[in-house]
Amino acid sequence: MDPIQPPPLSELLSDAVALLTGKRTVRCPYPACRVSVRYRHVAPGEAMNLIDYATDHTRH
């Protein structure tokens, strides 16, 4: 079993800058998957749909 690798530093910095501008970033928890969803100013229901999509590896 491979240990979970954190995202590269460049992605972490990009996420931090996005957070400062009011955007949220959600990543797929599957270790080898690079899918992420970034959103800002969406309705709560749409935010839940985006989170569900990003965290369900079988959907992408």
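Conventions adopted
Residues numbered from 1 in each chain as written. Predicted model: local features only at pLDDT ≥ 70, side-chain atom pairs only at ≥ 80, totals over all residues. Heavy atoms only, no water. Core = buried A, V, L, I, M, F, W, Y, C linked by side-chain atoms within 4.5 Å. Buried < 20%, exposed > 50% of the residue type's maximum accessible area, 1.4 Å probe, protein only. Helix = DSSP H or I, 4+ residues; strand = E, 2+ residues; numbered from the N terminus. Contact = heavy atoms within 4.5 Å. Expected span 1.5 Å × (residues − 1).

Caption draft 1: Quick peek at the nonpolar core. Judged by nonpolar contacts, Val26, Val37, Tyr39, Ala47, Leu50 and Ala54 together constitute the single largest core of six residues. Among the elements of the structure, strand S2 (36–39) and helix H2 (44–55) are those that each provide at least two residues to this core. For this core, the element with the most residues is H2, which contributes three residues. Those residues in contact with Ala47, other than ones at most four positions away along the chain, are Tyr39 and Val42.

Caption draft 2: Structural context of helix H1 (residues 9–20). In this model, H1 (twelve residues) spans 17 Å end to end at C-alpha, consistent with the 16 Å of a helix rising 1.5 Å per residue. Immediately downstream of H1, the backbone of Gly22 shows phi near 90 degrees, a positive value.

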